[in-house]
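# Structural overview for review
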Amino acid sequence: MTPRTSAAGSSGSATPPPAQPAKVRKMLPRHLVFMSLGSAIGTGLFVGSGAGIQAAGPAVLLSFLIAGTMVVLVMRMMGEMAAADPSSGAFSVYAEKALGRPAGTTVGWLWWLQLVIVIAAEATAAAAIVASMWPGSQQWVLALVFISLFTAINLGGAANLGEFEYWFALLKVLAIVAFLAIGVAFIAGWLPNVPAPGMSNLTGNGGFMPHGWSGVGAGLLLVVFAFGGTEIVAVAAADTENPETSIAKAISSVVWRILVFFIGSVLVIVTILPWDSEALSTGPFVAALAAARVPGADVVMAVVIVVALLSALNANLYGASRMVFSLAERGRMPKPLARRSANGVPRAAVAASVTFGFLAVVLNYLYPETVLMILLNLVGSTCLVVWGVSIVSQIILRRRAEAAGTVLTFKMWAFPWLSYFALALLAGIVVLGFLDPAVRIQLVATMALTCLLGTAAWLLDRRTQRQGQPHQLTD
């Protein structure tokens, strides 16, 4: 797990990558933290948590705790690898070093395709919400404005993008903090003229676990995807000042904030509202604030959700562009995508990553009522593949580092036991998913796509071997 010593070695090609600018402004550690928060905190929390509550009841807290535990362990493992070898390709590079070129290429392509679709879905969802609040506006026009705006922001350089994302993500973080404060005040009976709900909703209507452990499992399948996007912290580490130390601080900070925001928010919701409340299907945060008699709760949360979507769009466009840049740098995508501008931005990579977003604008014009659902179904369960490959890569690279006597500045806890525990936990979630018909379809689709990309990556690797290029990255 030692850092690569040359650009040529990292690219796996005899041709060195394009020369990099002599001085490029880097992200600050706080940018790294909020980039990860910006990507992770989105509709999965603000909207999707309602479906999890209805599936598991108050025991959805266990579902979030299990999923959160796995994400904490995966982030710690990614942090170990990123601190030892900061790279824009992150887990794609680590998979290549641990498992070979086809594995690294496959996971890089898969993650990039996922983000490309998510970017379009986020722009579409934000445009749909704004259009519903703004009479006379056109959904496709709003989607075009959002895509164009964040393309321009991403072309402005990592430091400027990081600063923008910091303030943008901070808005939704503050909104969650405000929600938690209002919720606690409501539960404690501190709000004037509003009767406190007490704790009865946690044990009433069938008890804390109304559907038993099967409900917890169903809730787990719904909430695990809400944590998708946290892995972007490993990608952004390469654009951060002093990544070896910044990544450790960022991982520690992101972990506890995500757990507090996700689990804290859901605890407030299931305490305020009965788990079988029909209001949860329209938006759990709006329903909770309405129960607390907060005026204009629907409008406030609609604005917060739009901000959350656009913040995630911004972070995901950054992550997608850096991944495809790394793939091109290593010869897995067209070489022009590996070029940087004077401010260090891979402009061609940004353009490639946002192209589908502009196509989605056309789809918004043609099919405004159905395009969002189609895009969301395409995303599937690719995060499980990325997490699984990252766990295996960390186990292999950590053993190599120990055998070589390499000193690691940031380590996974209780290695190898917690690494194997995370792998077993992930495997259990996948098995559980195959027992659910709706999730099974997504898992099968993701497996088929992964196999297709893996075959293409293997064929590409065979061709490069015939051309005399090295098989994989050097350690």
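Residues numbered from 1 in each chain as written. Predicted model: local features only at pLDDT ≥ 70, side-chain atom pairs only at ≥ 80, totals over all residues. Heavy atoms only, no water.

Per an unreviewed UniProt entry, the protein chain goes by the name Amino acid permease and belongs to Arthrobacter citreus. UniProt, in its Subcellular location (unreviewed entry) section for the protein chain, records the words "Membrane". (UniProt positions renumbered as here; feature names shortened; annotations may be inferred.)

Right, let's get into the overall build of the protein chain. Tallying secondary structure elements over the protein chain gives 20 helices and zero strands in all. Expressed as a percentage of the 475 residues in the protein chain, the buried residues total 56%. Within the protein chain, residue pairs in contact and separated by at least 24 positions form 81% of the contacts whose partners lie at least 6 positions apart. Accessible surface computed for the protein chain: about 18,600 Å², of which carbon and sulfur atoms make up 69%. (Helix = DSSP H or I, 4+ residues; strand = E, 2+ residues; numbered from the N terminus. Buried < 20%, exposed > 50% of the residue type's maximum accessible area, 1.4 Å probe, protein only. Contact = heavy atoms within 4.5 Å. Areas by Shrake-Rupley, 256 points an atom, 1.4 Å probe, with all protein chains shown as cover.)

Per-residue confidence for the protein chain gives a mean pLDDT of 83, with 89% of residues at or over 70. Predicted confidence for residues 2-23 stays below pLDDT 50, and this span has 40 contacts to residues more than four positions away or in other chains. (pLDDT = per-residue confidence, 0-100.)

So, about empty space enclosed by the protein. In this structure the tally under the stated criterion is one cavity of 30 Å³ or more. Empty space within the largest cavity amounts to approximately 30 Å³. Residue lining of the largest cavity: Gly-68, Val-71, Val-72, Met-75, Val-254, Val-255, Ile-258 and Leu-259, and that is the complete set. At the level of elements, α5 (60-84) and α13 (243-272) are the ones that each hand at least two residues to the lining of the largest cavity. Classifying every residue of the lining of the largest cavity by side-chain character gives seven nonpolar, one polar and no charged. (1 Å grid on protein atoms, 1.4 Å probe; cavity = no way out; pocket = protein on both sides within 12 Å on 5 of 7 lines; lining within 4 Å. Points joined across faces, edges and corners; volume = space filled by probe spheres on them. Nonpolar A, V, L, I, M, F, W, Y, C, P; charged D, E, K, R; others polar.)

The next subject is unusual backbone geometry. For the peptide bond that leads from Phe-415 to Pro-416, omega is 5°, which places it in the cis range. Mapped onto the fold, Pro-416 is located in the loop between α18 (382-404) and α19 (417-434). Notably, Ala-90 is not glycine yet its phi reads approximately 40°, a positive angle. By the element assignment, Ala-90 lies in the loop between α5 and α6 (91-99).

Before going further, it helps to spend a moment on the packing of α5 against α13. Their axes nearest at 10 Å, the elements α5 and α13 cross at an angle of 170°. With respect to α13, the element α5 is oriented roughly antiparallel. Between α5 and α13, the residues in contact are Val-60, Leu-61, Phe-64, Leu-65, Gly-68, Val-72, Met-75, Arg-76, Gly-79, Ala-82 and Ala-83 and Glu-244, Ile-247, Ile-251, Val-254, Val-255, Leu-259, Phe-262, Ile-263, Val-266, Leu-267 and Val-270, respectively. Taken together, the residues of the contact of α5 with α13 break down into 18 nonpolar, two polar and two charged. (Axes fitted to C-alpha atoms, helices over the stretch in contact; angles between N-to-C directions. Parallel < 35°, antiparallel > 145°, perpendicular 65-115°, else oblique.)

Helix α15 (residues 297-329) packs onto helix α7 (residues 101-133) with a crossing angle of 155° between their chain directions and a minimal axis gap of 8 Å. Comparing the axis directions of α7 and α15 gives the class roughly antiparallel. The two elements α7 and α15 cross, and the hand of that crossing is left-handed. (Left-handed = near helix turned anticlockwise from the far one by under 90°.)

What follows concerns helix α4 (residues 49-56). The buried fraction of α4 is high, at six of eight residues. Within the span of α4, buried status applies to Ser-49, Gly-50, Gly-52, Ile-53, Ala-55 and Ala-56. One or two steps after α4, the chain reaches Gly-57, where phi turns positive at roughly 75°.

Counted under the stated rule, the structure contains six salt bridges. With a shortest N-O distance of 3.1 Å, Asp-85 and Lys-97 are connected by a salt bridge. Of this pair, Asp-85 sits in the loop between α5 and α6 while Lys-97 is found in helix α6, placing the two residues 12 residues apart along the sequence. Residues Asp-85 and Lys-97 agree in their burial class; the two are buried. (Salt bridge = Lys/Arg side-chain N within 4 Å of Asp/Glu carboxyl O.)

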